[in-house]
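Chains, contacts and geometry: an overview
The primary structure of each chain is shown beneath.
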Amino acid sequence: MTRRTKTIHSIAACSAMCALVTASGTAVAQSSLTVFGVMDAAVRRTNTDGVGHVLSMASGSYTSSRYGFRGREDLGNGLNASFWLESFLSTDTGLASPDGFQRRATLSLSHAEWGELRMGRDFTPTHANWSRFDPFNYVGIGSVQLFSLSATGTTPVTAAFGSNSNSIQRSSNGVQYLLPRNSWGVEGGFTKAFGESKVSASDQHDSIGGRLGINLGPVFVSAASYTTHDDKTISNFKDRALAASWDAGVVKLSAGIRRFDYRDARQNNYLLAAIVPWGAHEAKLSLNRTKMGGSVGTTSVNGDGADQLALGYVYHLSKRTVAYATAATIRDKGNTRFVVPGAPVGTAGAKSQGFEFGMNHEF
Amino acid sequence: MTRRTKTIHSIAACSAMCALVTASGTAVAQSSLTVFGVMDAAVRRTNTDGVGHVLSMASGSYTSSRYGFRGREDLGNGLNASFWLESFLSTDTGLASPDGFQRRATLSLSHAEWGELRMGRDFTPTHANWSRFDPFNYVGIGSVQLFSLSATGTTPVTAAFGSNSNSIQRSSNGVQYLLPRNSWGVEGGFTKAFGESKVSASDQHDSIGGRLGINLGPVFVSAASYTTHDDKTISNFKDRALAASWDAGVVKLSAGIRRFDYRDARQNNYLLAAIVPWGAHEAKLSLNRTKMGGSVGTTSVNGDGADQLALGYVYHLSKRTVAYATAATIRDKGNTRFVVPGAPVGTAGAKSQGFEFGMNHEF
Amino acid sequence: MTRRTKTIHSIAACSAMCALVTASGTAVAQSSLTVFGVMDAAVRRTNTDGVGHVLSMASGSYTSSRYGFRGREDLGNGLNASFWLESFLSTDTGLASPDGFQRRATLSLSHAEWGELRMGRDFTPTHANWSRFDPFNYVGIGSVQLFSLSATGTTPVTAAFGSNSNSIQRSSNGVQYLLPRNSWGVEGGFTKAFGESKVSASDQHDSIGGRLGINLGPVFVSAASYTTHDDKTISNFKDRALAASWDAGVVKLSAGIRRFDYRDARQNNYLLAAIVPWGAHEAKLSLNRTKMGGSVGTTSVNGDGADQLALGYVYHLSKRTVAYATAATIRDKGNTRFVVPGAPVGTAGAKSQGFEFGMNHEF
């Protein structure tokens, strides 16, 4: 007793999984501040046919390395104020780049029955809809991420955004309304992000959209749409996603499609995945396909695309720590030059492979 | 037992208002480490006559968004060691820029009766003297800040510092002596900041000055002076401020003047403000005027200036969380082109308006 | 009671010296998260003969200013997962540069009997071997650091790395195996860092090496070797260090040599040091010598070198806080232009001196 009293003396923290430390006095409003994060590192070997191989250390191949602060204050009458600050982090180099808290920076006013008003930088509705169906958590060499981001080559995403910030994953300056937890199993929300560029062109774009999901016992279905526009720089970029999962106990299956439309170009991304858990183990399988059509400027992208196959194994050392191994291969079609993350860029239509094994620790 | 329950509650919950978590063992010197911050976001609409309007998300319009770490160690015999690290933060984008802890980074040795020796980066005496009289806390569209910083146009501040770092708000490399709390109600201190530029020109300047305030019951009067010099780049930049407040209960009034002198140019900033609190509510009014004289190089700034009127409303959801709304207008005179923060820059003598409503949460 | 015991379980005591706060429930795995750091500031006056003097504020002259997060999770069966994130920090300016956690970012899986597997960015074996024998902790005007880093002039270090990141102190992308604590007093480990540059040249280099030390009662001897190579940019850079210390009670003596070899150039750094502790006081003496030989390109560095003499005094205000003063002088030989840190760069063969007094606080 005495010993613990002494050791408590300066506190500050919490695992992502443990209950928050809160005031236990009934007269005091409950409040909390949590320091949290993920450290993830893996040794990776990738290879692109005709180019060569690279041995490297990767950060965030099971879930993204990150760190942050979040907190909540009970305002009474069912109202809560809360915030979330989350930074990028690289376990291999120590970099936290892009800097600040560009993974997420939000301030919320929420009510158990009325829902949540959230302001700041957060995931877009379509990303939120898409990433949760990927058994590889949108990261690592098995990730569905690759086909959603700009890449070497010609795609609707690069046509719309080039190397500027895009709205595929996140938007700044957003005002969101999110549905409360309800008895019908319906979830989702609406997002409006300010481009702030009516007067001069900026790197941030006006965006609007929403997501709607429904939990039907073991089945979950979710759809989202998000349109980005900037009257100075880009036309409408349409991003839509539809996906479903079925938790059959011995296996959890998921399938989805995400479509990008920009001017005359379109890109369809397909996902088919399975997770088989047994005890502290998990096996994961993912099949991703991307297929483009139309043209970017005067360049036809008909027939461009790629297939990705990924196999993963996870061993849970604890609730917060896992060891994992993933193998993946990508086969390009047409003029695409997608490669497994970390592999050297190859020629059009090349094949690349990779293998990585690592460790992930939540704090 | 009960006592520990109480001490635990601010653990993690380190609001700026709650007691610090400390060792409760009597044999152990008391010490604390606090993670703290502010998240503030507002939706803002601004307009400049003849240019147009911008809809945007602002960060830090009630008080500046920030995060940081601070701590204190009891060294015995009345001595304390303490530190303060505070970073910029943008709730709308997640940026923490300028990076590091450039809002404040100080290390102190202090004594209840002898005062405090503080080293590092901190507010200048004149800024400390000026900002506390602004009912808008020096931020947002109603802030007195605007007239103190370099702006589009020709002012003593831009003449002295251009776009380099200035000593209007903060100085790096500072050694401060701060008076202890005393029974005469006298407060203040002395600051010397090293320019480190005797040999080669640097972006940091030699500065020296101090502040002296006196609490006379409901009346508080404070004066400060700070002179910046760099033998390689700039002449003496003189910054002086004098202000007073009167807390009459139903209303708190404040008035002040801050004057910048640089070579042949001078700028006088005037502030007249009132805060009316009732229950959880507050109404705020602020009148700011800036008036320039003399010349910057060969350009006369006689007759240049601007008037700013701001009205605010605050609702306290709790001690740590508020909702607020502010409206402000700026009318330029002569060749100045000051605009309400976030408004597009207009032509000389233009008028701009803005409105913002938001939420502010301390943690 | 039981409930609170659980919620406390990941909290942390934040002094670098105090025990971690852990779950005391036997059913819950022990875990911790600690926010830690050092704030250090000093007023420094340096002088270079023939150039002049500079008065400045220094950060980190007793130990480096820093801040970070670290944590540990007990996985059961003697296994632990742990992480360490540590950032640069400047008390004088508030900068945290280089940004992110480039002082250290590591993720570990460790076992009391088998040792530790550590991945990420960390000290190199030779730096770990060298810096611990410097009574000035490798920082400040008395530090042995100076002769190990690239400097104005021609040295093997600048020849190999120029102004790019070098592997003198730290390596990114490292996989380390570290020996467990054992009854023979043997310590050390092995490091392999991936250059990730087989395909294109990168700023990071392939490196490999290790360290082995042995504790023989009051005597400690340690040797390390680290070789850096990049098939695109640099030849083998060899870094070797050998040092020993003897703790005689009234005085702790240490001596060491570190040698850099790059192509035709070599540099030998010698260290001879003593620490005399009495009560809360410490006196420190350090003699550093660097001597170069061979040639860098076509430039002979034979006869180039420098001698450094440093005297220090430390007063321990508490276990976490000290006041200190250091005086140092450097005399160059041949064409070297090493100067005391913070002093203006002089002509070849010049002499420079410095004095600093400051305060250091661990949290």
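Predicted, not measured: the structure shown is a model, and the values here were computed from it.

What counts and what doesn't
- Position labels on residues start from 1 in each chain and follow its written sequence.
- Chain letters and ligand numbers both follow the written order, the letters beginning at A and the numbers at 1.
- It should be noted that, the model being predicted, local features are given only for residues of pLDDT at least 70 and side-chain atom pairs only at 80 or more, the latter also being counted only at that level, while totals for whole chains, interfaces and linings use all residues.
- In computing side-chain values, all of the structure's heavy atoms are included and hydrogens and water are not.
- By salt bridge we mean one thing: a side-chain nitrogen of Lys or Arg within 4 Å of a carboxyl oxygen of Asp or Glu.
- Burial classification: accessible surface area is computed with a 1.4 Å probe over protein chains only, and a residue below 20% of its type maximum counts as buried, one above 50% as exposed, and the rest as partly exposed.
- Side-chain atoms within 4.5 Å link the members of a nonpolar core, which is a set of buried Ala, Val, Leu, Ile, Met, Phe, Trp, Tyr and Cys residues.
- By definition, residues are in contact when any of their heavy atoms lie within 4.5 Å.
- Here a helix means four or more residues in a row that DSSP labels H or I, a strand means two or more in a row labelled E, and each is numbered from the N terminus.
- When DSSP finds two or more bridges between a pair of strands, those strands are recorded as paired.
- Think of pLDDT as the predictor's per-residue confidence, scored from 0 to 100.
- Classification of ring pairs rests on two measures: the distance between centres of Phe, Tyr or Trp rings, Trp counted by its six-membered ring, which must be within 6.5 Å, and the angle between planes, read as stacked under 30 degrees, edge-to-face over 60 and tilted in between.
- Each patch is built from residues that are more than 30% exposed by relative accessible area and take part in no salt bridge. Like charges join if they lie within 9 Å; nonpolar side chains (Val, Leu, Ile, Met, Phe, Trp, Tyr) join within 5 Å.
- All accessible-area figures derive from a Shrake-Rupley calculation using a 1.4 Å probe, and residue coverage is judged against the displayed protein chains alone.

A word on the pattern of salt bridges. Scanning the entire structure with this criterion turns up 42 salt bridges over all chains. The partner of B:Asp261 in a salt bridge is B:Arg259, with the nearest N and O atoms 2.8 Å apart. According to the relative accessible area criterion, B:Arg259 is partly exposed, its value standing at 28%. Each of A:Arg104, A:Glu116, A:Arg118 and A:Asp122 takes part in a single network of salt bridges with overlapping partners.

Take the nonpolar core next. Counting 62 residues, the largest nonpolar core has A:Tyr67, A:Phe69, B:Tyr67, B:Phe69, C:Tyr67 and C:Phe69 as its most contacted members. Once residues lying within four places of it in the same chain are set aside, the contact partners of A:Phe69 are A:Thr34, A:Val35, A:Phe36, A:Phe83, A:Trp84, A:Leu85, A:Phe101, B:Val35, B:Tyr67, B:Phe69 and C:Phe69.

Counting buried residues in strand β5 (residues 104-111) of chain B gives seven out of eight residues, a clear majority hidden from the surface. A loop of three residues connects β5(B) with strand β6 (residues 115-123) of chain B, the two strands running antiparallel in sequence.

To continue, consider unusual backbone geometry. Trans is the common state for peptide bonds, and a negative phi is the common state for residues other than glycine. Going from B:Ser97 to B:Pro98, the amide bond is cis rather than trans, its omega being -5°. Its place among the elements puts B:Pro98 in the loop between β4 (79-88) and β5. For B:Asn137, which is not a glycine, the phi torsion comes out positive at approximately 55°. Within the secondary structure, B:Asn137 sits in the loop between α2 (125-131) and α3 (156-161). Positioned with a positive phi, C:Tyr138 is a non-glycine residue whose angle comes to about 70°. With respect to the helices and strands, the residue C:Tyr138 is situated in the loop between α2 (125-131) and α3 (156-161).

Right, let's get into the confidence of the model for chain A. Averaged over chain A, the pLDDT score is 88; the fraction of residues at 70 or greater is 88%. Scored below 50 in pLDDT, residues 1-29 of chain A makes 91 contacts in the model with residues more than four places away or belonging to other chains.

Relative to the helices and strands, B:Thr326 is located in strand β17 (residues 321-333). Residues contacting B:Thr326, with those up to four places away along its chain left out, are B:Phe136, B:Ile141, B:Gly142, B:Leu311, B:Gly312, B:Gly354, B:Phe355 and B:Glu356.

All names here are of chain A. Looking at the secondary structure, you find Pro-125 in helix α2 (residues 125-131). Of the residues examined, Pro-125 reaches a relative accessible area of 7% and is grouped as buried. Each C-alpha atom, one on Pro-125 and one on Ser-352, is 31 Å from the other, the two residues being 227 residues apart in sequence. Apart from residues no more than four positions distant in its own chain, Pro-125 is found in contact with Thr-191, Gly-209, Gly-210, Arg-211, Ala-224, Ser-225 and Tyr-226.

Its place among the elements puts B:Asn80 in strand β4. Setting aside its immediate chain neighbours within four residues, B:Asn80 contacts B:Arg72, B:Glu73, B:Asp74, B:Leu75, B:Ser108, B:Leu109 and B:Ser110.

All names here are of chain C. By the element assignment, Val-250 lies in the loop between β11 (234-247) and β12 (252-262). Between the C-alpha atom of Val-250 and that of Pro-277, which follows or precedes it by 27 residues, the distance is 6.6 Å. Excluding its chain neighbours within four sequence positions, the residues that come into contact with Val-250 are Ile-275, Val-276 and Pro-277.

One pass over the structure, following the stated rule, counts 48 aromatic pairs over all chains. Cluster of aromatic residues (ring-pair linked, three or more members): A:Tyr67, A:Phe69, A:Phe101, B:Tyr67, B:Phe69, B:Phe101, C:Tyr67, C:Phe69 and C:Phe101.

Taken together, the side chains of A:Tyr177, A:Leu179, A:Phe190, A:Ile208 and A:Leu212 make up a nonpolar region of the molecular surface, amounting to roughly 450 Å² of accessible area. With respect to the element layout, A:Ile208 can be found in strand β9 (residues 206-216).

Okay, the pairing of strand β8 (residues 186-193) of chain B next. On any regular strand, side chains alternate: one points to one face of the sheet, the next to the other face. All names here are of chain B. Here five bridges tie strand β7 (residues 170-178) to β8, and the two strands are oriented antiparallel to one another. Paired with Tyr-177 across the bridge in β8 is Phe-190. Where β8 and strand β9 (residues 206-216) come together, eight bridges link them in antiparallel fashion. The residue bridging Gly-189 from the neighbouring strand is Arg-211, located in β9.

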